[in-house]
Amino acid sequence: MAERGSNRSPETGAFFQRDRQWHPPAFTPNYKSSVLRSPQKALLSFDNTLSELTGPVFGHAMLGELDNDLIHNFAKAGESAIGERIIVHGRVLDERGSGVPGVLLEFWQANAGGRYRHKKDGYLAPLDPNFGGCGRTITGEDGSYAFRTVRPGPYPWPNGPNDWRPAHIHFSVFGHGFAQRLITQMYFEGDPLIWRCPIVGGISSKAAVEALIAALDMHSTIPMDALAYKFDIVLRGRRSTLFENRPEGN
Amino acid sequence: MAQSLDRLKERPSQTAGPYVHIGLTPNFCGIGGVYASDLGSAMLNGETKGDRIDLRIRVLDGTGTPLKDALIEIWQADANGLYNSPAEMRGAADPNFQGWGRQPTDMETGVCLFRTIKPGRVPFRDGRLMAPHFTLWIVARGINVGLHTRLYLSDEEKANAEDPILGRIEHRLRVPTLIAERQGDTYVFDVHLQGEKETVFFDS
Ligand SMILES: [Fe+2]
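What comes next is a walk through the structure. (Residues numbered from 1 in each chain as written. Chains lettered and ligands numbered in written order. Predicted model: local features only at pLDDT ≥ 70, side-chain atom pairs only at ≥ 80, totals over all residues. Heavy atoms only, no water.)

The next point concerns the environment of Pro56 of chain A. The topology assignment puts Pro56 of chain A in the loop between α1 (50–53) and β2 (85–94). Expressed as a C-alpha distance, the spacing of Pro56 of chain A and Phe174 of chain A, which sit 118 residues apart in the sequence, is 8.2 Å. (Helix = DSSP H or I, 4+ residues; strand = E, 2+ residues; numbered from the N terminus.)

All names here are of chain A. For the iron ion, the full set of protein donor atoms is Tyr116 (OH), Tyr155 (OH), His168 (NE2) and His170 (NE2), at a range of 1.9 to 2.4 Å. Each donor residue of the iron ion belongs to the same chain, and together they define the spacing Y-x38-Y-x12-H-x1-H. The class of His168 is buried, set by a relative accessible area of 1%. (Donors = N, O, S within 2.8 Å, 3.2 Å for Na, K, Ca; no water. Buried < 20%, exposed > 50% of the residue type's maximum accessible area, 1.4 Å probe, protein only.)

This model, assessed by the stated rule, comprises 26 salt bridges over all chains. Linking Glu10 of chain B and Arg18 of chain A is a salt bridge whose minimum nitrogen-to-oxygen distance equals 2.7 Å. Here Glu10 of chain B is found in the segment before α1 (20–24), whereas its partner Arg18 of chain A is found in the segment before β1 (44–45) on a different chain. The two residues Glu10 of chain B and Arg18 of chain A agree in class, both being buried. Residue Lys206 of chain A is joined to Glu210 of chain A by a salt bridge in which the shortest nitrogen-to-oxygen separation is 3.0 Å. In this pair, Lys206 of chain A and Glu210 of chain A are both assigned in helix α2 (residues 206–210), four residues apart and thus about one turn of the helix distant. Several salt bridges share partner residues, and in doing so they unite Lys118, Asp155, Glu156, Arg182 and Asp185 of chain B into one network. (Salt bridge = Lys/Arg side-chain N within 4 Å of Asp/Glu carboxyl O.)

Keep in mind these values describe shape, not function.
Below you can see the structure in the form of structure tokens.
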């Protein structure tokens, strides 16, 4: 059994059911790519088995020194990415409110002009030779994380004739069980494009959308250097195993 | 009014989008020098125990066209049926096998290839053995919530017949959507997002 750098005893309870009304449904026709890529039949529901309760472990040793610094991790020596310098920080929590340690977070984003370093992105905004757009980190004992980057620009995309994505950072999150696996996007407080976006619009609850909007956090800024945004990420919680239902005869 | 339960809500999922490679397989999409290699791209080393097999997977949309911008992750037990995870209480898994892999679908062909080992059998909640299987997690542009399913193996007929999860599929016609076809040491598997052969996806 792998160690996660924590002295807590491993948790083995099943995860709380995913609230499918809170997530966007698979079929969201205003986001056209979903039309032919959305399963139409009912999902097969079952309580977690070991295959969902377990999940891979990622150690801090895999991280490079600049993995959590997108301003510098692709830049030439002595140079840095162009754009509004920001710190994104927060905690990864479970639905019971406990910090989740040892969580691998990977993030990717467009540059300050709204352009991705990807051959499929043909937006006319220029690439920044000093910006790659990817980073990663692993949460500490209390579930906390932080990274530096530049604020990504909004960008137009081929969906409707004039659709724009709000400024956003993509997040990939591993919990302790593979059933907690989540990919989502972080938006920025005050961005008027959030409420016009067909991808965001797939989420029906206003409170659920607001759960993806990072708040400006003046207490965490670095004066004369970087603004800060706070973004907490909540993963599925685990049922307590104190009174587990045991099959007859066990 | 009763006391509050003080529960938080899971963050809603959002699509991984067309540029998922930048974040999860940067070397694959030409962003070199940030990470030494793409995480999860190599699952085996010389010491890993078990029978070497390949999984050749495609993801097809509602017209039957393979997705060329999808990303697949697999999670599996080691050759003895143990997971390399702190929640594995039955014993220590093979230290030379993490059990997790990640591959993008090829940008031209849509094919995704995993080089791995055949997993052992893992017990279900009641102690019955599940058939050897891989957990699959699929994300892409147009997929709002990552899709969870399993890949079982065509040459494990007896084990598949007694697998508790396969046994729960009401429409028996759909069971083969979860079974990869063995061709030599390669198992070939098409995930159908829609249509008559739509793969059984899970909510677990
Ligand atoms: Fe994006």
